[in-house]
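A look at the structure
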Amino acid sequence: MRAIWKGAVSFGLVSIGVKLYSATEEKDIRFHQVHRDDGGRIRYKRTCSVCGEEVSYDDIAKGYDLGGGEMVILTDADFADLPLTSSRAIDVLEFVPAEQVDPILYNKAYFLEPEGTATKPYVLLRDALADSERVAIVKVALRQREQLATLRVRDGVLLLNTMLWPDEVRTPDFGFLDEDLKVRPPELAMAASLIDSMAGEFQPDAFTDDYRAALQEVIDAKVEGREVVQPAEEEAAPAAAVDLMAALKASVERARVARGEAPSGGAGEPTPISSARSAKQTAKKTTAGRATAKKTTAKKTEPAKKAEPAKKTAAKKTTEKKATRTPAKKAAEKKAAPRRSA
């Protein structure tokens, strides 16, 4: 690491020489803007909007816009005369409980390393600060700006956390804050149960930047000339809950199952998930039953349909018999008729 600042921690009448190092770094993958056709880098020139000439860094100053086209120009000499008395010192103002500092105020983190013969007073401040279970509120000037910061101990090293000034934190102004929304006690109890079921110890190493890993895989594949492996699709975000209690209960059950615990409902008490499964199975059984009944009715109807053609066939045969009597038979029947009547 390279020191970005040198100064001293002013602790009462004690001065501790230190070097400042950035404690964090962004792992974001950075790209250059290039010409799509030939890969050439895109360059930007610093040109003046008034005369159109290209301007070197030595001729660039800072301007404060007053509005209406008016500009106040400030040079390096103007900044040098500002009363930054703590330009090379980290002034300890007071010691406060760490929980009293709102995390929203924290900005950037820096490691402090003792310089030269300052190791012993550095260790003294470190151990005393750790034993007090407090953080030091300090002022420091970094990059031509005075900043509020805290000093605390991390991994045996003093850590400087610069902070935002209170007037740099915005006040939330949302419409729902004025609405009179009531949360029912059962819903609050179920939400607390969900929090308990998902409780754990924070282990930063357990979490990874999946997007950065997938992007790096795309870059590596292009370099090696191989096919890019598509990452697994992420689960779609769930829709807004219509029944809040049902969603909470289902969430609690899913969290417990994920942790290898038995479902909260047990064998006798149905849960939203088990009820949904039961309803699905019942629907399948009902559909199957209706299909079976339909087949049975169809079988019973088939003999009746077959009987109708049989009747028509018998009637047809009788008609055919009547139609096939010869004239001789008819004459014989006519002669025999008087005898039967006598």
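Residues numbered from 1 in each chain as written. Predicted model: local features only at pLDDT ≥ 70, side-chain atom pairs only at ≥ 80, totals over all residues. Heavy atoms only, no water.

All right, on to the overall build of the protein then. Secondary structure assignment for the protein yields seven helices and nine strands. Split into buried and exposed, the 342 residues of the protein put 16% on the buried side. Within the protein, contacts between residues separated by at least 24 positions form 57% of all contacts whose residues are at least 6 apart in sequence. Split by element, the accessible area of the protein, about 28000 Å² in all, is 54% carbon and sulfur. (Helix = DSSP H or I, 4+ residues; strand = E, 2+ residues; numbered from the N terminus. Buried < 20%, exposed > 50% of the residue type's maximum accessible area, 1.4 Å probe, protein only. Contact = heavy atoms within 4.5 Å. Areas by Shrake-Rupley, 256 points an atom, 1.4 Å probe, with all protein chains shown as cover.)

Let's shift gears to the environment of Tyr122. Within the fold, Tyr122 resides in helix α2 (residues 119-132). In sequence terms Tyr122 and Leu158 are 36 residues apart; their C-alpha atoms lie 8.4 Å from each other. Leave out the neighbours within four places in its chain, and Tyr122 touches Ile16, Val18, Leu112, Glu113, Pro114, Val157 and Leu158. Only 2.5 Å separates the side chain of Tyr122 from the backbone oxygen of Leu112, close enough to count as a polar contact. (Polar contact = N/O pair within 3.5 Å; in protein donor to acceptor, adjacent residues only side chain to side chain.)

Right, let's talk about the nonpolar core for a bit. Val9, Val18, Ile90, Leu112, Val138, Leu151 and Leu160 are the most contacted members of the largest nonpolar core, which totals 21 residues. Among the secondary structure elements, those contributing two or more residues to this core are β1 (5-11), β2 (14-22), β5 (89-97), β6 (106-114), α2, β7 (134-142), β8 (145-154) and β9 (157-163). No other element matches β7, which puts four residues into this core. Discounting residues that sit within four places of it in the chain, Val9 has contacts with Val14, Ser15, Ile16, Val18, Ile90, Val92, Leu112, Leu125 and Leu151. Counting residues in each nonpolar core, the second largest holds seven residues, with Val101, Leu105, Ile137 and Met163 among its members. (Core = buried A, V, L, I, M, F, W, Y, C linked by side-chain atoms within 4.5 Å.)

Where β1 lies against β2, seven bridges are found, and the strand directions are antiparallel. Bridge pairing in β2 links Trp5 to Leu20. Hairpin remark: β1 followed by β2, antiparallel, with two residues in the connecting loop; positive phi at Gly12, about 65°. Here β2 runs beside β6; their pairing, made up of five bridges, is antiparallel. Across the sheet, the residue bridging to Lys19 is Glu113, located in β6. (Pairing = 2+ DSSP bridges.)

Two side chains bearing opposite charge may form a pair once their charged atoms approach each other closely. Scanning the model with the defined rule gives nine salt bridges in all. Measuring nitrogen to oxygen at the nearest pair gives 3.9 Å for the salt bridge that ties Glu115 to Lys6. Taken as a pair, Glu115 in the loop between β6 and α2 and Lys6 in strand β1 lie far apart in primary sequence, 109 residues in all. Its relative accessible area of 30% is what places Glu115 among the partly exposed residues. The closest approach of N and O atoms between Glu187 and Arg184, which form a salt bridge, is 3.1 Å. (Salt bridge = Lys/Arg side-chain N within 4 Å of Asp/Glu carboxyl O.)

Across all of its chains, the model carries three aromatic pairs by this definition. Relative to Phe176, the ring of Phe174 has its centre 6.4 Å away and its plane inclined at 15°; by these criteria the two rings are stacked. The exposure class assigned to Phe174 is partly exposed, which follows from its relative accessible area of 48%. The ring of Tyr57 carries Arg46 above its face, with NZ or CZ at 4.0 Å from the centroid. (Phe/Tyr/Trp six-rings, centres within 6.5 Å; stacked < 30°, edge-to-face > 60°. Lys NZ or Arg CZ within 6 Å of the ring centre and 35° of its normal.)

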